[in-house]
Amino acid sequence: MPMRFRILGSGSSGNAALLITEGARVLVDAGFSAKKLSALLLDAGESLARIDAIFLTHEHNDHAAGIDGLKKHPHIQVFANPATSRAVQSKLDAAHRPAWQLFETGSRFRYRDLEVTTFAVPHDAQEPVGFRFTTGHADDLLSPRRSLAYVTDLGHAPQNGREQLRECDVVVVESNHCSDLLAADTKRPWSLKQRISGRHGHLSNEATRELLAAIACPRWRRVYLTHLSSECNSPAAVEQALAGVRATLPSCEFSIVAPGEGTPFYDV
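Residues numbered from 1 in each chain as written. Predicted model: local features only at pLDDT ≥ 70, side-chain atom pairs only at ≥ 80, totals over all residues. Heavy atoms only, no water.

**Structural notes on the overall build of the protein chain**
Item 1. Looking only at helices and strands, one finds eight helices and 14 strands in the protein chain.
Item 2. Since a compact globule built from 268 residues should have a radius of gyration of about 18 Å, the 18 Å found for the protein chain is in line with a globular shape.
Item 3. Considering the protein chain as a whole, with its 268 residues, one finds that 57% of them fall into the buried category.
Item 4. Within the protein chain, contacts between residues separated by at least 24 positions form 63% of all contacts whose residues are at least 6 apart in sequence.
Item 5. Averaging the locations of the 29 positively and 30 negatively charged side chains of the protein chain gives two centres separated by 2 Å. (Helix = DSSP H or I, 4+ residues; strand = E, 2+ residues; numbered from the N terminus. Rg over C-alpha atoms; globule rule 2.2 N^0.38 Å. Buried < 20%, exposed > 50% of the residue type's maximum accessible area, 1.4 Å probe, protein only. Contact = heavy atoms within 4.5 Å. Lys, Arg positive; Asp, Glu negative; His and termini not counted. Charge placed at Lys NZ, Arg CZ, Asp CG, Glu CD.)

**A word on helix α1 (residues 34-43)**
Item 1. Among the residues of α1, those classed as buried are A34, L37, L40 and L41. Buried residues of α1 fall within an arc of 120° about the axis and therefore sit on the same side. Away from the buried face of α1 by more than 90 degrees, exposed residues K35, L42 and D43 are located.
Item 2. Packed against the buried residues of α1 are β1 (4-9), β2 (16-20) and β3 (25-30).
Item 3. Backbone geometry just downstream of α1 places G45 in the positive-phi region, at approximately 80°. (Arc of directions from axis to C-beta.)

**A short note on the packing of aromatic side chains**
Item 1. With the rule as written, the count across this model stands at 10 aromatic pairs.
Item 2. Ring centres of F55 and F131 lie 5.6 Å apart, and the angle between their planes is 80°; on these two criteria the pair is classed as edge-to-face. Placement of F55 in strand β4 (residues 53-55) and of F131 in strand β9 (residues 129-135) is noted, with a sequence separation of 76 residues between them.
Item 3. On the accessibility criterion, F55 (0% relative accessible area) is buried. (Phe/Tyr/Trp six-rings, centres within 6.5 Å; stacked < 30°, edge-to-face > 60°.)

**Examining the side chain of T135**
Item 1. Mapped onto the fold, T135 is located in strand β9.
Item 2. In this structure the side chain of T135 is engaged in a polar contact, spanning 2.8 Å, whose partner is the backbone oxygen of D113.
Item 3. Excluding residues that lie within four positions of it along the chain, T135 makes contacts with P2, M3, T21, D113, L114, P144, R145 and R146. (Polar contact = N/O pair within 3.5 Å; in protein donor to acceptor, adjacent residues only side chain to side chain.)

**Considering the sheet that holds β9**
Item 1. The sheet built from seven strands is open, its strands ordered β7-β8-β9-β10-β11-β12-β13 with mixed pairing. Strand pairing shows two members of the sheet lacking a second neighbour, β7 (108-111) and β13 (253-256), which therefore form its edges. Taken pair by pair, the neighbouring strands of this sheet meet at an average axis angle of 15°, ignoring direction.
Item 2. The strands touched by helix α4 (residues 159-166) are β8 (114-120), β9, β10 (146-151) and β11 (170-174); relative to β8, the strand with the most contacts, the crossing angle is about 150°. (Pairing = 2+ DSSP bridges. Axes fitted to C-alpha atoms, helices over the stretch in contact; angles between N-to-C directions.)

**Regarding the packing of helix α7 (residues 205-215) against helix α8 (residues 235-248)**
The relative placement of two packed helices is expressed as an angle between their axes plus a distance between the axes.
Item 1. As a packed pair, α7 and α8 sit with axes 9 Å apart at the nearest point and diverge in direction by 25°. It follows from the interaxial angle that α7 and α8 lie roughly parallel. Considering only the axes of α7 and α8, their crossing is right-handed. Along the contact surface, α7 presents N205, R209, L212 and A213, while α8 presents A237, V238, A241, L242 and V245.
Item 2. Looking at side-chain class alone, the contact of α7 with α8 contains seven nonpolar, one polar and one charged residues. (Parallel < 35°, antiparallel > 145°, perpendicular 65-115°, else oblique. Left-handed = near helix turned anticlockwise from the far one by under 90°. Nonpolar A, V, L, I, M, F, W, Y, C, P; charged D, E, K, R; others polar.)

**Side note on the side chain of R188**
Item 1. Topologically, R188 is positioned in the loop between α5 (179-184) and α6 (190-197).
Item 2. A polar side-chain atom of R188 sits 2.9 Å from a polar atom in the side chain of E231.
Item 3. Beyond its immediate chain neighbours, meaning those up to four positions away, R188 contacts L182, K193, I196, S229, E231 and C232.

**Here we look at the pairing of β8**
Regular strands place side chains that alternate from one sheet face to the opposite one.
Item 1. Most of β8 sits inside the fold, with six of its seven residues counted as buried.
Item 2. Alignment of β7 against β8, held across four bridges, turns out to be antiparallel. The residue bridging F109 from the neighbouring strand is V116, located in β8.
Item 3. With antiparallel pairing between neighbouring strands as the criterion, β7 and β8 make up a hairpin whose turn holds two residues, including R112 at a positive phi of roughly 55°.
Item 4. Where β8 and β9 come together, six bridges link them in antiparallel fashion.

Okay, structure coming up:
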């Protein structure tokens, strides 16, 4: 079992994913309350008591809200860069200090049987990052080498991030909004629309299509399209935008994660 992966929830209301290897059970982001995370994990046959670590992409509540509820789970290590840890810690009770494990953005390190690569992404947070998780061995048929890249909340994809996504087995990337639906939305002020569509905001369906088309790799086994806006996007809009890219990758499965939904386990 090189790696098992499951998105617990995705969208503006919260984001979290579960990654299981032979030696570790980790969450990528924890954007729900501890109570909600516990329920999502129970549905996956897991629990917070069995989680070893949380890897945070950035401090926004829809990615880090669950850190506040870790008082009952002090064993869980929380990996973040210093800027993200300070931003999250500032929102917590002074007496509550999670088991922070700090890394420098751009660094590569090992956690149990995971090789973790971090890379900067452009978003309006303190120091947002993407992750690439690798486990297994190139010459081991029972535990082959597998990689998963996880990147959400970015206004555009710099070259380094593109390279991290290209050489993976599984890609998790946002497809946040449909440009036409965002422009037509009457609830959001112009300033918010500018933030969302800006170079430090979120990827549109069109931008995600262009990104994936530019770096498409036959190695890809599955692509998850995540963090869909519930008001300015839809699975159908993503499906239509990505149809051309999907046609060029017949051996790759595409999973569009509806707002507020999760996915079944996938064995990478």
